2 protein chains.
Amino acid sequence: MENKMEFQQLLPHQIEEKSFEIIDEELKEMGISLKPEEAFVVKRAIHTTADFDYASSLVFSPGAAAVGMEAIRQGAMIITDTNMAKSGINSRQLKEIGGGQAFCFMADEDVAVSAKEKGCTRAAASMEKAARLFGETKEAVSENKVPKRMPVIVAVGNAPTALAVLCQFIQEGSFLPDLIIGVPVGFVNVVWSKEQILSQNQVPYIVSKGRKGGSNVAAAIVNALIYQARQDIMI
Amino acid sequence: MENKMEFQQLLPHQIEEKSFEIIDEELKEMGISLKPEEAFVVKRAIHTTADFDYASSLVFSPGAAAVGMEAIRQGAMIITDTNMAKSGINSRQLKEIGGGQAFCFMADEDVAVSAKEKGCTRAAASMEKAARLFGETKEAVSENKVPKRMPVIVAVGNAPTALAVLCQFIQEGSFLPDLIIGVPVGFVNVVWSKEQILSQNQVPYIVSKGRKGGSNVAAAIVNALIYQARQDIMI
C-alpha cells in the first residue's frame, strides 16, 4: 500500500511505470502469474480500477489479444455501447497506428427511433446499426462490388442486451466482429450475457466473468491493445 | 448471485429497480446499514462497479450529499478531470433541475499550454482554469460588481494532482467549491491526495478512501445527487 503521508514528485509516465511495478509486485505476492500474451491487458484493467479481481475474472479466447492488436494495426473500427467508453479510448493513437476510429451510436436519433419501433434497448439498436454499417456483406463481396469489410472490434462495457444481440448476429452469420470485448457491469442479465459470449467459438473474445466490468474497463482493454500494438511496431 | 442460465425480460427501469433490490439484499446479508442521507450515493457507486467495497470506503463530510443536491438545484456547474467522467454525467437532467452544466477542461488548448509553462499536469492546469472561471471574487462581490458566484461541484475521478491543487486553493481561499467529489483511482499519490481532502474542513467532500475510484464512480456519484435532487423536487 502506498505510503499515505508522502507525495511522490513524478512525471505522468513515471507514475504509470511505478503503478505497473506495484501491480507486478502485488500479483507476485498473491502468487498469480499471468500469461505473457494476456498480461498487458489484465494489468491495464487492474491499473484502471485498482481491483485485482480482474487477474482472475478476465477470460481470453485463445490468441484474442493478438487478434485485437492485429485488427488495430489494420485500421479497426471500435464500436462501444457507451459514449463514456468511447471517450476513454485513446483515439489519437488508434488513428496513428492503423487509421482506425472509435464509434458509439447510443445517442443517435435513428437508434432511438429504431429502439422504440422494435421495443428493444437503445444498446441493442446501436449494435444493429453497427452490424448494418460494418457487418458481413458476403453477397456484395462475392460479386466484387465492395472490398472485404474493414476490421471491427466491439467493446461492451455496460449493456447485456448489446452482447445478447451480438450473439444473435454471430448465430445468423450476419455480423462477425474480429474481437468482442464483453465487460458489462451489473446485477441483472450481466452474468448471463457474458456466458452467451463464452459459449460460442466463432468470434474471439475478452470477457470479465461475473458481475464486474464497466465502460472504464472496456476502454482500458482497448487502450491496452492499442499501446501494445504500437510498442510491437516500434520494436 | 444472478442465475446464469436465465434471461430476465425486463424494461430498463425495471432492471435498475431489480439491481438496487439485489444491492439492498446483499448489504443486509453483509450486516451493513448505510446512513439514509448517504445510502443513495453509496448504492449508486456499487451499482456502477458491482463492487461492494464502496459501502465501506466512501466517506462523507457531514451533510455533504445534501449540500451537493442543493447546489445542483441552484444550477451548479460540475467540473470533472476527465472527459470520460463528464460524458457519464446525465447532463440533460442536470440542466432540467437547476440549469447546471458539466465541464471538463482537460483537452483545452490553453490548459495544455499552461501545464507546459508551469511544469504541472494538465489535470492541475484544468483545475486552475476552473478556479479562474468559477473561483471566489471576494473583492468584486464586496464592491457589488458581480453577483455571488454560481455553485460549483468538482468531481475528480482520475488525477491526484487535481485534488492536490484544489487543496492549495482551499488553503489560499481562492477557490472553495460547494462540494468536492474526490475519487481518483490508482497506485501512486492517490491515497495521499485523498487524505489531503479528508484533512481539511472548509469544503464538504465525498471521498473514496484507498486506491479505488475512477471516472465512472465520479460520474455515478454526481448522477446519484442529480437523481435524488430531482426525486425530492417531484415528491
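Residues numbered from 1 in each chain as written. Chains lettered and ligands numbered in written order. Predicted model: local features only at pLDDT ≥ 70, side-chain atom pairs only at ≥ 80, totals over all residues. Heavy atoms only, no water.

Examining a negative patch on the surface
Thinking step 1. Residues Glu17, Glu21, Glu25 and Glu29 of chain A make up a contiguous surface patch of negative charge.
Thinking step 2. Relative to the helices and strands, Glu21 of chain A resides in helix H1 (residues 12-29). (Patch = residues over 30% accessible without salt bridge, like charges linked within 9 Å, V, L, I, M, F, W, Y side chains within 5 Å. Areas by Shrake-Rupley, 256 points an atom, 1.4 Å probe, with all protein chains shown as cover. Salt bridge = Lys/Arg side-chain N within 4 Å of Asp/Glu carboxyl O. Lys, Arg positive; Asp, Glu negative; His and termini not counted. Charge placed at Lys NZ, Arg CZ, Asp CG, Glu CD. Helix = DSSP H or I, 4+ residues; strand = E, 2+ residues; numbered from the N terminus.)

Points about the interface of chain A and chain B
Thinking step 1. Taken residue by residue, the interface counts 40 residues in chain A and 40 residues in chain B.
Thinking step 2. At the junction of chain A with chain B, the criterion picks out 4 salt bridges.
Thinking step 3. A salt bridge links Lys212 of chain B to Asp51 of chain A, with the shortest nitrogen-to-oxygen separation between them at 3.9 Å.
Thinking step 4. Connecting chain A to chain B are 6 residue pairs in polar contact (both at pLDDT 80 or more).
Thinking step 5. Looking at the side of chain A that touches chain B, the elements with two or more residues in it are H1, helix H2 (36-49), helix H5 (83-88), helix H11 (190-198) and helix H12 (215-234) of chain A.
Thinking step 6. Considering each element in turn, the side of chain A that touches chain B owes the most residues, 7 residues, to H1 of chain A. (Contact = heavy atoms within 4.5 Å. Polar contact = N/O pair within 3.5 Å; in protein donor to acceptor, adjacent residues only side chain to side chain.)

Comments concerning the relation of the copies chain A and chain B
Each copy of the chain is related to the other by a rotation around an axis and a translation along that axis.
Thinking step 1. Once turned by 180° and shifted 0.0 Å along the axis, chain A lies on chain B with an RMSD of 0.0 Å. One copy is carried onto the other by what is essentially a two-fold rotation axis. For chain A, the minimum C-alpha distance to the rotation axis belongs to Met84 of chain A and amounts to 2.5 Å.
Thinking step 2. The residues that chain A uses at the interface reappear at the interface of chain B in 98% of cases, marking a shared surface. (Least-squares fit on C-alpha atoms with pLDDT ≥ 70 in both.)

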